[in-house]
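# Structure assessment
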Amino acid sequence: VREEAERYASVAVPVPVRREFTYTLGAELPDRPSLGSRVRVPFGARKVVGTIVGWEESPPEIAAKPIESVLPGGPVLDPAMLSLTKFVADYYLCSWGEAIEAALPPRGAATPRARREARRLAGARSDSLPGRAVAMRRALEAIPADGSGVAVHALTPAERRKIPALVGLGLVEVVEGIDRATPVLPERAGTPIEARPGPAPSAAQAAVLETLLPAVREGAYRAFLLYGATGSGKTEVYLRAAAECLRAGRSVLYLVPEIGLTPLLVSRIAERFSGTLAVLHSGLGRTERARTWDAVRRGERRFVVGARSAVFAPLTELGLVVVDEEQDGSYKQDERPRYHGRDVAVVRAREAGAVVLLGSATPSLESFQHARSGRYTLLALGGRFEERPLAKVRIVDMRKEYREVGEVRPLSREMIRALRECLGEEGQALVLRNRRGWAPSLYCPSCGNRISCTRCSLALTWHRSAGLLRCHACGLERPHPGACPTCHHDELREIGAGTEKVEDSLREALPGARIERMDRDTVRGRGAHEALLRRFDRGEIDVLVGTQMIAKGHDFPNVTLVGVLTADQSLGLPDFRAGERTFQLLTQVAGRAGRGSRPGRVVIQAFDPAHPILRDAASQDYETFFDREIAYRRVLRYPPLSALVQIVVEDERDARAATWAASIAAALRAEEQGRLLLTGPSPAPIERLRGRYRHQILVRSAGRMRLVGAVDRALRAVEGAVPRTAIVVDVDPTSVL
Ligand SMILES: [Zn+2]
Ligand SMILES: [Zn+2]
């Protein structure tokens with residue numbers, strides 16, 4: 001037995017226990033593995049794969065078991081990534097093993113069906129087809145002429161049907177299993193950094209770049225907030241900074257909220273930086289993802305685009321981190337580890353000595369506050385204001401409408417008028433209703449009963465086309481009861497209108513118009529979302545109605561009208577971010593109007609038209625909104641003016657959850673010494689979810705690390721008394737429902 005074999009490895013294991021475990025190296029391991037190596041170890045009765053995170057000279061108190069084997073391929077995490085995952089574990093109160101697991105490509109994930117792509121062969125032109133082959137010409141025209149290809153299921157069914165014939169004529173080829181957005185070939189020597197240079201920057205972009213580019217060249221940590229209205233050209237600033245960083249020999253990390261919702265952006269980046277780009281996203285198959293990840297780790301790809309988890313991409317020599325739409329809620333992971341991708345990105349940039357560039361048209365209060373305090377440098381991009389006037393916004397008072405019309409209809413007379421005018425002028429319209437289904441709830445007028453989920457304290461939504469009532473929180477489905485389950489009254493009333501009903505009302509109000517709906521019910525399949533966007537882009541749809549999906553990042557120059565229904569509904573939620581989120585959504589969707597040469601128009605329907613948030617959104621006045629909202633957060637001591645941790649205790653039995661929550665609160669009070677502000681324990685706004693009762697404690701403090709430390713100690717103090725699985729801890733929660 002060699003001397004090394006006597007040594008002890010500290011191994012991080014992916015279990016929700018906040019400590020590492022000690023194992024001996026064993027005699028049969030040939031060499032001492034490097035830190036960051038993956039090892040198979042016995043853990044209780046099972047075997048798990050963990051990561052070596054440290055060495056211990058002295059033996060542990062309990063006899064340590066030997067490491068069974070070291071996984072081939074060398075260490076998967078370098079010291080910088082070990083340190084970043086340790087930060088995630090300490091700050092978000094998960095185990096180091098869980099944080100590492102979140103940082104690595106998922107193992108055992110199902111491989112989605114191969115992506116088939118149709119490409120035009122050289123010289124294939126639609127005018128070479130006979131004039132009567134209209135459908136075939138259309139199908140060919142749907143495939144880019146530059147040979148870049150299109151996913152087969154992004155085509156319409158009619159186009160898809162013509163593909164075999166086009167292949168037969170030698171005009172098109174179909175390639176299996178290649179994701180256009182994911183170049184995985186290694187970078188070839190001599191490949192230019194930018195395969196295709198971008199457009200010349202506008203004056204506003206040039207002014208911003210004058211500050212930004214020297215910082216990128218300098219190669220030290222600095223944080224910037226790029227604040228510019230929708231359509232002001234933030235993307236071009238990101239891409240120019242990225243090119244500069246790559247030219248300086250360093251790598252680029254570019255985060256976007258949801259890669260599936262931004263297919264057009266990804267293909268734009270892919271065209272320009274094809275030589276060195278890697279796209280990491282959850283839609284990739286396991287093999288594809290692992291290959292891409294390895295290419296990044298080996299340094300063959302130095303530009304990574306991806307959603308939240310790409311913040312852990314194994315880039316070395318990081319020089320620039322871009323976080324696009326930094327305010328977006330999807331950067332926060334809603335399961336363990338509950339990290340915030342934007343905040344981890346800032347920490348990663350600081351550790352790496354890189355520039356971090358957060359961008360938004362409606363910055364989070366956190367980021368704008370940092371810009372005001374000087375922690376971030378504010379870069380304002382006013383481009384759109386210079387060239388085109390902002391869309392005209394009208395707020396329709398729905399209480400008045402109801403009084404005058406005598407019944408509640410989803411579309412006001414003014415909305416219908418605006419839609420008809422828009423279509424009459426050959427424009428296109430987007431209609432936002434941020435609630436899917438036919439009716440958000442069913443109500444019994446006889447006994448007052450509301451049809452609720454049996455597992456959650458929430459109303460069931462009536463989905464008429466599916467013929468089902470659905471719980472949007474837990475997914476429970478049941479048939480329409482016909483009569484009230486309590487009093488058997490047989491005329492249940494539909495309350496409110498979801499996207500399905502709005503679609504129906506639109507068809508009635510606009511006969512002959514081509515109307516489509518985009519929400520989670522209509523874009524279930526892979527590629528369905530992209531297909532719908534492409535059809536809208538090609539002008540094959542006049543009115544697109546949908547949930548917040550339609551508000552994100554699309555640029556449709558022919559949209560001259562945006563309608564918003566029940567704009568103030570989300571303001572009533574018992575969540576301190578309700579106002580911020582409503583403002584962001586309204587501003588984003590309003591920004592979709594008038595992006596081409598024709599002016600845009602926005603019509604907002606609300607029951608409380610005088611609400612200040614609606615007025616700020618209508619005038620697209622971020623700073624007035626910020627000043628009022630930050631004053632409110634200051635008074636109530638909510639983030640960003642204090643740090644917040646949400647603790648939810650869940651159990652099938654209400655009384656037991658309450659008791660456990662009380663003991664956690666007691667442990668926190670023992671910790672606080674007057675420095676923590678405790679709210680609760682009390683039933684959470686959503687009192688019951690998936691059959692479990694929920695009790696909530698909100699803990700706030702001015703000092704972030706002090707708060708996290710105190711919560712950590714309090715939770716350790718109740719270990720054994722409160723089961724770990726009953727506690728959900730969320731540091732910096734984005735929602736407290
Ligand atoms: Zn009833
Ligand atoms: Zn439910």
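It should be noted that the structure appears before, not after, this text.
Predicted model, so just to flag it, every value in this text is computed and none were measured.

Counted under the stated rule, the structure contains 52 salt bridges. A salt bridge links Arg268 to Glu236, with the shortest nitrogen-to-oxygen separation between them at 3.6 Å. Taken together, the positions of Arg268 in helix 7 (residues 263-272) and Glu236 in helix 6 (residues 234-247) put the pair 32 residues apart, joining distant regions of the chain. We classify Arg268 as partly exposed; its relative accessible area is 38%. Measuring nitrogen to oxygen at the nearest pair gives 3.6 Å for the salt bridge that ties Arg470 to Asp521. With Arg470 in strand 21 (residues 468-470) and Asp521 in the loop between strand 24 (515-518) and helix 15 (528-537), the pair connects residues that are 51 residues apart, well separated along the chain. Comparing Arg470 with Asp521, the two get one shared label, buried. Taken together, the shared-partner salt bridges connect Arg18, Lys86, Asp90, Asp712 and Arg716 into one network.

Donor atoms from the polypeptide that coordinate the zinc ion (ligand 2) comprise Cys453 (SG), Cys456 (SG), Cys471 (SG) and Cys474 (SG), at 2.3 to 2.4 Å from the metal. In this structure, the zinc ion (ligand 2) is coordinated by 4 donor atoms arranged in tetrahedral fashion, with angles at the metal of 105 to 114 degrees. One chain supplies every donor for the zinc ion (ligand 2), spaced along it as C-x2-C-x14-C-x2-C. With Cys453 in the loop between strand 19 (441-443) and strand 20 (461-463) and Cys474 in the loop between strand 21 and strand 22 (477-479), the pair connects residues that are 21 residues apart, well separated along the chain. The burial state of Cys453 is the same as that of Cys474; both residues are buried.

Attention now moves to a nonpolar patch on the surface. A contiguous nonpolar surface patch, about 320 Å² in accessible area, is contributed by Tyr402, Val408 and Phe607. Tracing the sequence through the fold places Val408 in the loop between helix 12 (398-405) and helix 13 (413-424).

With that out of the way, let us pick up the packing of helix 1 (residues 79-92) against helix 2 (residues 96-103). Their axes nearest at 8 Å, the elements helix 1 and helix 2 cross at an angle of 120 degrees. Relative to helix 2, helix 1 is oriented oblique. As for the relative orientation of helix 1 and helix 2, their crossing is right-handed in sense. In contact with Leu82, Thr85, Lys86, Val88 and Ala89 of helix 1, helix 2 contributes Trp96, Ala99, Ile100 and Ala103.

For the rest of this paragraph, the subject is the environment of Arg409. Within the secondary structure, Arg409 sits in the loop between helix 12 and helix 13. Accessibility expressed as a relative area gives 40% for Arg409, which makes it partly exposed. Here the alpha-carbon distance between Arg409 and Thr51, two residues 358 residues apart in the chain, equals 59 Å. One polar contact links Arg409 to Glu407, side chain to side chain, over a distance of 3.2 Å.

Protein ligation of the zinc ion (ligand 1) involves Cys444 (SG), Cys447 (SG), Cys484 (SG) and Cys487 (SG), the donor distances falling in the range 2.2 to 2.4 Å. Classification of the site at the zinc ion (ligand 1) rests on its 4 donor atoms, whose angles at the metal span 103 to 112 degrees, yielding the label tetrahedral. Here the donor residues of the zinc ion (ligand 1) are spaced in sequence according to C-x2-C-x36-C-x2-C. Overall, Cys444 belongs to the buried group, its relative accessible area being 0%. For Cys447, a relative accessible area of 38% corresponds to the partly exposed category.

Okay, the packing of helix 5 (residues 203-218) against helix 6 next. Axis separation between helix 5 and helix 6 bottoms out at 10 Å; the angle between their running directions is 30 degrees. In terms of axis orientation, helix 5 runs roughly parallel to helix 6. Both helix 5 and helix 6 take part in a crossing whose hand is right-handed. For the pair formed by helix 5 and helix 6, the contact residues are Gln205, Val208, Leu209, Leu212, Leu213, Val216 and Arg217 on the first element and Glu236, Val237, Arg240, Ala241, Glu244 and Cys245 on the second. Of the residues belonging to the contact of helix 5 with helix 6, the class tally is 8 nonpolar, 1 polar and 4 charged.

Each value, and the rule that gives it
Residues numbered from 1 in each chain as written. Chains lettered and ligands numbered in written order. Predicted model: local features only at pLDDT ≥ 70, side-chain atom pairs only at ≥ 80, totals over all residues. Heavy atoms only, no water. Salt bridge = Lys/Arg side-chain N within 4 Å of Asp/Glu carboxyl O. Helix = DSSP H or I, 4+ residues; strand = E, 2+ residues; numbered from the N terminus. Buried < 20%, exposed > 50% of the residue type's maximum accessible area, 1.4 Å probe, protein only. Donors = N, O, S within 2.8 Å, 3.2 Å for Na, K, Ca; no water. Tetrahedral: all angles 85-135°; square planar, octahedral: opposite > 155°, others 65-115°. Patch = residues over 30% accessible without salt bridge, like charges linked within 9 Å, V, L, I, M, F, W, Y side chains within 5 Å. Areas by Shrake-Rupley, 256 points an atom, 1.4 Å probe, with all protein chains shown as cover. Axes fitted to C-alpha atoms, helices over the stretch in contact; angles between N-to-C directions. Parallel < 35°, antiparallel > 145°, perpendicular 65-115°, else oblique. Left-handed = near helix turned anticlockwise from the far one by under 90°. Contact = heavy atoms within 4.5 Å. Polar contact = N/O pair within 3.5 Å; in protein donor to acceptor, adjacent residues only side chain to side chain. Nonpolar A, V, L, I, M, F, W, Y, C, P; charged D, E, K, R; others polar.

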